[in-house]
Amino acid sequence: MAALEFKFSSDQQHQLEAIEATCDLFRGQQFIGSVFSADSGRKGQTAIGELMVGHGNELRVAPGQLLDNLHAVQEEGCLPATDVLTDGRLRDFTVEMETGTGKTYTYVKTIYELNARYGWSRFIIVVPSVAVREGVYRSLQTTQEHFAGEYGRRLRFFIYNSDRLAQVDRFASDSAIQVMIINMQAFNSGRNQRIIDQRPDSFRGRRPIDVIAATRPILIIDEPQSVEGRQTRESLRKFNALFTLRYSATHREAYNMVYRLDALDAYNRHLVKRIAALGVTFTSSPAAGGFVYLEGVDLSRDRAPAARIGFEVKGASCIRTVVKQLRRKADLFAASNGLAEYADRYVVAEIDGRDSSVTFLNGLKLYAGQFSGGEERTALQRRVQIRETIRTHLRRERELYSRGVKVLSLFFIDEVSKYRLYDGDSGSGRSGEYAKMFEEEYVAVAEAFRREIDDPAYRAYLDGIDARETHQGYFSVDRRKGRQARFVEGKIDHKSRTSSDADAYDLIMRDKERLLSLDEPVRFLFSHSALREGWDNPNVFQICMLKPQTESEIRSRQEIGRGLRLCVNQEGERMDESVLGGAVQELNKLTLITDMEFGRFAEALQQGLAASLAGRPRTVEPGLFAGRLLTGTTGARVRVTRELAEEICAALRKQGYVKDRVLTGSFFADRDRGAVRLGGSLQDLSAAVAQVLSGVYTPRAIPAENAHGGNVTARADPEKLQTEAFRSLWARVGPKSFYTV
């Protein structure tokens, strides 16, 4: 199987904007390579130690010019002017980039650019955890050849390890571009902190922190909100940084923002997947009965509505769960082959396509995604979530297979034993509860799904994969002598609720490219919920939370972030707008299968987005435009006066784009079609004004889709399509008609 290699693009506009903004901070800086004399730790014939040549960074931009540069960058990016000082000088700068938009690629390319423009060659990437550290290291490995082709140079990078201090010597003395990756625990706690601050014999009596500080490194802090507690800030001062760049999607403190690409920008620019939610919830039944689940409702023009209902059926040797399409008057007692649990009037009384619901004669009403009954409520709920994940996966897979896109689904669980069980010290273990459920449901769903497949190539692909081979666990591993390697519960940081086990992340990162190949049968991945930071595979299209989920978890968007990246095909090509055009967010859709009903999920998601976008304007008024520089379609730039701002607002009201200072659906519809028109003398500024308005936050700006909303389908009658009447009609209207939902 040939290894898939990611193709990296060096002309992503949003990344170039962030890099230019950062580099422009230092306009006026000369290209200079700083060389200094450093103590080698080796004693000569005198009492003074031998000296070695050290390579470091030097800043020669006057403080006043640096401040002017900052304000120019902020004006260009429509950001508020700031001048936050640290220790009396301007040295901290913030870059905000939404999860999934290539933050790591951006700051790695920034390293190359700062070196090419100004000669700076010492960089330290500070990360909050093992997960981020391993991800950064992997990114540096995979982009090495890409950047070498562009810049003609390679980075020399390493993970700081207090047992390998010779790497610190090379960091200070080597003339190449040196990048150290260090997680905060390495200099902020316990034994590691003592070693970096003290004079170990293994480092010839020198303090490692002094050797590092002498180089005046540029600090790049990845996820600073997870790094910068009081103690860490004090420790970071010891690095004697030339300046600090902070990169995150969720900054707690934004020191001198130089670039912003938040969730609203990323969505508007089609840089991340759309979000859909599929809730599986429980409702009580007025009758004591068995398991009933409403998968969805189907409508057609010439037949009565049908409901896809899950229930249990008595077979010759066992009871099994099925999903069947049923219509009004269908009796579950008869359909189940006489199971007593359905004896109490489980007869379909009404099917309503307007709200995707079904009502039984006994009074039970279910909406799409709801289930009722059964003794093991939680187990049933998890089983249905697994089934819905498989069903959603197969539909997405059928759609993307011809484009060469491998579809992955991720299950987050909270106990390893639910995936794998072990007896004694020998043996490879056996399937846990969720693994068994998965294999049972996969066989049933795939068998039913095959009847819908009309693509022979995809059918052959699906037929060639066994249920037992298509799922895999990614957990911490115990490799003690005398026993086979086995999954174990990892070490959890109880403050951050994330795992610090390197071996689990090693598996995730090592298998990242392999999992993207269609030759690899594994498509469904089980992992610990605490490993959420490590999962950012671009082809994750479904995330299923097989554990209780709270509104606060949805608001934080931690799990959602694992699947926001745009997918790649078998050539490693990113399937973005340049490839897919307007269909980019229709094909790139992330579905969350949760135990929370859609209304609660959407509300929690919007609350989280609103909090993260607190700095965004909520209303449209003249102050939104006054003072801005707008570029017209002719290229002319106009500074908006108060009078012009009021004229723009009046035109927006006239066009129906704004009502009571709030954006209307008409604006979003026209914006998405590229058809915003102000008319008259303002027409040339229409696109620029639409861009400004796209920065206004409203709940409809980033809508969450109800995945159950797509349950209503239309079916054509093949015989009627062949009639002379239809052929004649289609010849007249087909070339100029389209249908939207």
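Everything below is about the structure printed above this text.
The structure displayed is predicted, hence computed values, not measured ones.

Observations regarding the overall build of the protein chain
Then comes step 1: Per the secondary structure count, the protein chain includes 25 helices and 34 strands.
Then comes step 2: Out of the 741 residues in the protein chain, the part that is buried amounts to 53%.
Then comes step 3: Contacts in the protein chain between residues far apart in sequence, at least 24 positions, make up 71% of those at least 6 positions apart.
Then comes step 4: On the protein chain, roughly 33600 Å² of surface is accessible, and the fraction owed to carbon and sulfur atoms is 48%.

Quick look at the packing of helix 1 (residues 13–24) against helix 3 (residues 103–118)
Helix packing geometry: the angle between the two helix axes and the distance between the axes.
Then comes step 1: Where helix 1 contacts helix 3, the two axes come as close as 9 Å, and the packing angle between them is 40°. Taken together, the axis directions place helix 1 and helix 3 in an arrangement best described as oblique. As for the relative orientation of helix 1 and helix 3, their crossing is right-handed in sense. Together, Gln15, Leu16, Ala18, Ile19, Glu20, Thr22, Cys23 and Asp24 of helix 1 and Tyr105, Thr106, Lys109, Thr110, Glu113, Leu114, Arg117 and Tyr118 of helix 3 make up the contact between the two elements.
Then comes step 2: Across the contact of helix 1 with helix 3, the residue classes tally to seven nonpolar, four polar and five charged.

A short note on the nonpolar core
Then comes step 1: In this structure, Val620, Phe625, Ile648, Leu652, Val689 and Leu693 are the most contacted members of the largest nonpolar core, which totals 59 residues.
Then comes step 2: Ranked by the residues each element gives to this core, the list is headed by helix 21 (residues 642–654), at six residues.
Then comes step 3: Residue contacts for Leu652: discarding those within four places in its chain leaves Val620, Phe625, Tyr657, Val658, Leu678, Val689 and Leu693.
Then comes step 4: The next biggest cluster of nonpolar side chains, apart from the first, holds 56 residues, and it includes Val297, Phe360, Phe411 and Ile453.

Brief notes about the sheet that holds strand 27 (residues 524–528)
Then comes step 1: If you trace the seven strands from one edge of the open sheet to the other, you get 22-27-19-28-29-10-34, paired in parallel fashion. For this open sheet the edge positions go to strand 22 (471–474) and strand 34 (705–706), each flanked by a neighbour on one side alone.
Then comes step 2: The pairing of strand 28 (residues 540–545) with strand 29 (residues 589–594) spans three bridges and is parallel. Residue pairing for strand 29: Gln542 is matched across the bridge by Thr591.
Then comes step 3: Packed onto the sheet, helix 13 (residues 433–449) meets strand 19 (408–413), strand 22 and strand 27 and runs at close to 165° relative to strand 27.
Then comes step 4: With respect to the sheet, helix 20 (residues 598–612) is in contact with strand 10 (274–279), strand 29 and strand 34, its orientation differing from that of strand 10 by roughly 145°.

Digging into the packing of helix 3 against helix 4 (residues 130–151)
Then comes step 1: Running from N to C, helix 3 and helix 4 point in directions that differ by 45°, and their axes come no closer than 10 Å. Taken as axis vectors, helix 3 and helix 4 run oblique relative to one another. Like other packed secondary-structure pairs, helix 3 and helix 4 cross with a definite hand, here right-handed. Packed against helix 3, whose contacting residues are Thr104, Tyr105, Tyr107, Val108, Lys109, Tyr112, Glu113 and Ala116, the element helix 4 presents Val136, Ser139, Leu140, Thr143, Gln144, His146, Phe147, Glu150 and Tyr151 at the interface.
Then comes step 2: For the contact of helix 3 with helix 4, the residue count by class is nine nonpolar, five polar and three charged.

Topic: the sheet that holds strand 17 (residues 365–367)
Then comes step 1: One open sheet holds the three strands; their spatial order is 15-16-17, and the pairing between them is antiparallel. Unpaired on one side and paired on the other, strand 15 (348–352) and strand 17 mark the two borders of the sheet. Taking each pair of neighbouring strands and ignoring which way they run, the sheet shows an average axis angle of 15°.
Then comes step 2: Bridge analysis of strand 15 against strand 16 (residues 357–360) gives four bridges, and the strand direction is antiparallel. Looking at the pairing, Asp352 lines up with Ser357 of strand 16.

Points about helix 3
Then comes step 1: Over its 16 residues, helix 3 runs 22 Å from end to end, which matches the ideal 22 Å to within 8%, given 1.5 Å per residue.
Then comes step 2: Within helix 3, 14 of the 16 residues are buried, which leaves it mostly tucked inside the rest of the structure.
Then comes step 3: At the C-terminal side of helix 3, Gly119 shows a positive phi close to 85°.

With respect to the pairing of strand 28
Then comes step 1: For strand 28, the buried fraction is high: six of the six residues fall into the buried class.
Then comes step 2: Where strand 19 meets strand 28, five bridges bridge the pair, whose relative direction is parallel. Note on strand 28: the bridge partner recorded for Phe411 is Cys544.

Here we look at the environment of Ala636
Then comes step 1: Positionally, Ala636 belongs in the loop between strand 30 (629–631) and strand 31 (637–639).
Then comes step 2: Ala636 gets classed as partly exposed once you look at its relative accessible area, which sits at 37%.
Then comes step 3: Considering only alpha carbons, one finds Ala636 and Leu685, 49 residues apart in sequence, at a separation of 9.6 Å.
Then comes step 4: With residues up to four places along the chain from it excluded, the contact list for Ala636 reads Leu630 and Thr631.

Description of the pairing of strand 8 (residues 244–248)
Then comes step 1: Extensive coverage of strand 8 is indicated by the burial of five of its five residues.
Then comes step 2: Residues of strand 8 alternate between two faces, with Thr244, Arg246 and Ser248 on one and Leu245 and Tyr247 on the opposite face, all of them buried.
Then comes step 3: Both strand 3 (residues 92–97) and strand 8 contribute to a ladder of five bridges, which runs parallel. Bridge pairing links Val95 to Tyr247 in strand 8.
Then comes step 4: Where strand 7 (residues 218–222) and strand 8 come together, four bridges link them in parallel fashion. Among the inter-strand pairings, Asp222 is bridged to a residue of strand 8, identified as Tyr247.
Then comes step 5: Running through helix 9 (residues 230–237), the crossover from strand 7 to the neighbouring parallel element strand 8 is right-handed.

As for helix 4
Then comes step 1: For helix 4, spanning 22 residues, the distance from its first C-alpha to its last is 29 Å, which sits close to the expected 32 Å at 1.5 Å a residue.
Then comes step 2: Inspection of helix 4 places Val130, Ala131, Val132, Arg133, Glu134, Val136, Leu140, Thr143, Gln144, Phe147, Ala148 and Tyr151 among the buried residues, and these make up the whole buried set.
Then comes step 3: Residue Ser129 occupies the N-cap position of helix 4, its side-chain oxygen lying 3.4 Å from the main-chain nitrogen of Val132.
Then comes step 4: Phi turns positive one or two residues past the end of helix 4, at Gly152, with a value near 70°.

Rules used in this analysis
- Residues numbered from 1 in each chain as written.
- Predicted model: local features only at pLDDT ≥ 70, side-chain atom pairs only at ≥ 80, totals over all residues.
- Heavy atoms only, no water.
- Helix = DSSP H or I, 4+ residues; strand = E, 2+ residues; numbered from the N terminus.
- Buried < 20%, exposed > 50% of the residue type's maximum accessible area, 1.4 Å probe, protein only.
- Contact = heavy atoms within 4.5 Å.
- Areas by Shrake-Rupley, 256 points an atom, 1.4 Å probe, with all protein chains shown as cover.
- Axes fitted to C-alpha atoms, helices over the stretch in contact; angles between N-to-C directions.
- Parallel < 35°, antiparallel > 145°, perpendicular 65-115°, else oblique.
- Left-handed = near helix turned anticlockwise from the far one by under 90°.
- Nonpolar A, V, L, I, M, F, W, Y, C, P; charged D, E, K, R; others polar.
- Core = buried A, V, L, I, M, F, W, Y, C linked by side-chain atoms within 4.5 Å.
- Pairing = 2+ DSSP bridges.
- Expected span 1.5 Å × (residues − 1).
- Right-handed = clockwise from strand over helix to strand, strands pointing away.
- Polar contact = N/O pair within 3.5 Å; in protein donor to acceptor, adjacent residues only side chain to side chain.

The values reported here are purely geometric and, on their own, carry no functional implication.
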